[in-house]
Amino acid sequence: MKHHPFLKQTTLANIMGAMMICPLNAMADNNWSYQQKSDSLTNQTYSLAQSPIPRPGLYDDMMLEIVCQGNKLQAVIEADDLIASQGSRFDLEYQIDKKTPVKIQMKTFSDSKRKGFTEEFTKRMADDLLTGQAVFIRINTMLRTVLSSSIPLDNINEPIKKVFADCGLNVSDNTTSESSYALSEFEQDFNKLSLEQQEQVLAKIKKILLDVK
């Protein structure tokens, strides 16, 4: 049976179109996005800045979100693999580019073993995300395995700004300057000191704490 020339041309055009579109979609997948959703249980709307869809590769599949719900900020991490039992605390470590890693504590939702959140560390994490090109995440799971993922931070500024605005916050008021001194950095520097120097530092810190009371 002979194929009609028009069908050949149409097929070729479809293939060429798909080849042109795919690279564009791949580029778009690197971008963070701003979304507004509705909670089916409470009928409350909430907004979020969401990381790109994970690509198959060297790392585990994870999604990171900065959420504004009920005028409160949350950082939410979701993985394809088990993290911890429902309602359990777990440690998450994130590293912006080649900066000092930061360890925070999160908690799985009451109905999920693969999704966790924090409110306490959300502002700091969001501020840190705005300062880099990529964030590397590590999670120690209930199975004593380590989940890891590298997430690009392309186009993150606008989504984060919108989420902060929805919670009545201003990014410029919460952005951590490059000169800020993280606790993890202090601990590393402190451990390099001699015992005598450590005692001197602790004495000064104690005096500062007593003065601010």
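Remember, it's a predicted structure, so these values are computed and weren't measured experimentally.

A. Seen up close, the overall build of the chain. Helix and strand counts for the chain come out as six helices and nine strands. Considering only contacts within the chain whose residues lie at least 6 apart along the sequence, 53% involve residues at least 24 apart. Here the chain has roughly 14200 Å² of accessible surface; of this, 53% comes from carbon and sulfur atoms.

B. Layout of the layout of surface pockets. The space that makes up the largest pocket amounts to roughly 410 Å³. At the level of secondary structure, the elements contributing two or more residues to the lining of the largest pocket comprise β2 (45–50), β3 (62–69) and β4 (72–79). Looking at the lining of the largest pocket residue by residue, the class counts come to six nonpolar, five polar and five charged.

C. Main features of the pairing of strand β7 (residues 115–118). Burial along β7 is one-sided: Gly 116 and Thr 118 are buried, while Lys 115 and Phe 117, pointing the other way, are not. By the bridge criterion, four bridges tie β4 to β7 in an arrangement that is antiparallel. By the bridge assignment for β7, Val 76 is matched with Phe 117. With two bridges connecting them, strand β6 (residues 102–108) and β7 associate as antiparallel partners. Bridging from a neighbouring strand, Thr 108 pairs with Gly 116 of β7. Connecting β6 to the next strand, β7, in antiparallel fashion are six residues.

D. Broad picture of the packing of aromatic side chains. The tally for this structure, following the rule as stated, stands at three aromatic pairs. Between Phe 109 and Phe 117 the ring centres are 4.7 Å apart and the planes differ by 35°, which places this aromatic pair in the tilted class. Here the guanidinium or amino end of Lys 115 rests over the ring plane of Phe 109, the centre of that ring lying 5.9 Å away.

Conventions and cut-offs
- Residues numbered from 1 in each chain as written.
- Predicted model: local features only at pLDDT ≥ 70, side-chain atom pairs only at ≥ 80, totals over all residues.
- Heavy atoms only, no water.
- Helix = DSSP H or I, 4+ residues; strand = E, 2+ residues; numbered from the N terminus.
- Contact = heavy atoms within 4.5 Å.
- Areas by Shrake-Rupley, 256 points an atom, 1.4 Å probe, with all protein chains shown as cover.
- 1 Å grid on protein atoms, 1.4 Å probe; cavity = no way out; pocket = protein on both sides within 12 Å on 5 of 7 lines; lining within 4 Å.
- Points joined across faces, edges and corners; volume = space filled by probe spheres on them.
- Nonpolar A, V, L, I, M, F, W, Y, C, P; charged D, E, K, R; others polar.
- Buried < 20%, exposed > 50% of the residue type's maximum accessible area, 1.4 Å probe, protein only.
- Pairing = 2+ DSSP bridges.
- Phe/Tyr/Trp six-rings, centres within 6.5 Å; stacked < 30°, edge-to-face > 60°.
- Lys NZ or Arg CZ within 6 Å of the ring centre and 35° of its normal.

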